[in-house]
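Report on the structure
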Amino acid sequence: MFELRIRRTFAAAHAIVMAGVREPMHGHNWEVTVAVSGDALDADGLLCDFHMLERALDETIRPFMNRSLNETAPFDRVNPTAELVAQHIANTVAAQLPVGVRVKEVRVVEAPQCEACFIAPNTALDAMSKNSSSDARLQSGVVR
Ligand SMILES: [Zn+2]
């Protein structure tokens with residue numbers, strides 16, 4: 001088993017709803033770590049291209065940069081918790097990975113010492129990686 005990890009940061013505001021009450025809007029410097037894994041390397045000795053991974057993550061988080069998550073899809077309809085941000089990033093990046101490479105986990109730090117981790121279920125992502133990326137995006141609810 002091989003694993004690659006990439007990390008990015010972005011600034012964005014959010015206000016989550018807890019027990020029906022929306023908290024005040026506030027900002028974070030979000031730190032995202034995406035871990036992908038797979039059993040086999042390609043002919044060049046790579047699990048996959050770091051730059052491809054970075055592009056996939058950059059495209060996923062670009063709409064959030066310096067914005068309110070509450071006004072940015074999919075969080076204009078989904079509570080923008082760190083847990084759901086991590087799951088959204090996992091699903092979106094997973095749809096762009098080559099066969100044999102899967103998202104293992106996505107960690108989202110919204111404040112020092114406050115970290116949420118989405119740990120991808122193996123079976124769901126194995127099935128997702130076999131679908132076309134458009135099918136996978138539909139499953140994740142990213143594209144409607
Ligand atoms: Zn917050």
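Look up: the structure comes first, before these words.
Notes on the structure follow. (Residues numbered from 1 in each chain as written. Predicted model: local features only at pLDDT ≥ 70, side-chain atom pairs only at ≥ 80, totals over all residues.)

**Looking at the sheet that holds strand 6 (residues 102-111)**
For clarity, the threshold we go by: Pairing between strands requires that DSSP locate at least two bridges from one strand to the other. Where helices and strands are cited, they refer to DSSP runs of H or I of at least four residues and of E of at least two residues respectively, numbered from the N terminus. We call two residues in contact when their backbone-placed C-beta atoms lie within 7 Å. A fitted line through C-alpha atoms represents every axis, and for helices the fit uses only the stretch in contact; the resulting angles, taken between N-to-C directions, go from 0 to 180 degrees.
Judged by pairing direction, the sheet is mixed, and its five strands sit side by side in the order 5-1-4-6-7 without closing on themselves. Here the strands that pair on one side only, and so sit at the sheet edges, are strand 5 (67-68) and strand 7 (114-119). Bridge analysis of strand 6 against strand 7 gives six bridges, and the strand direction is antiparallel. Across the sheet, residue Val 108 finds its bridge partner in strand 7, namely Ala 116. Along the sheet, helix 1 (residues 50-61) makes contact with strand 1 (2-14) and strand 4 (26-38), crossing strand 1 at roughly 20°. Packed onto the sheet, helix 2 (residues 82-94) meets strand 4, strand 6 and strand 7 and runs at close to 145° relative to strand 6.

**Let's talk about the environment of Ile 6**
Its location among the elements puts Ile 6 in strand 1. Separated by 45 residues in sequence, Ile 6 and His 51 place their C-alpha atoms 9.6 Å apart.

**Regarding the pairing of strand 1**
Bridging between strand 1 and strand 4 involves 13 bridges; their strand directions are antiparallel. What sits directly across from Leu 4, in strand 4, is Val 36. Across two bridges, the pairing between strand 1 and strand 5 is parallel. Bridge pairing in strand 5 places Ala 12 opposite Arg 67.

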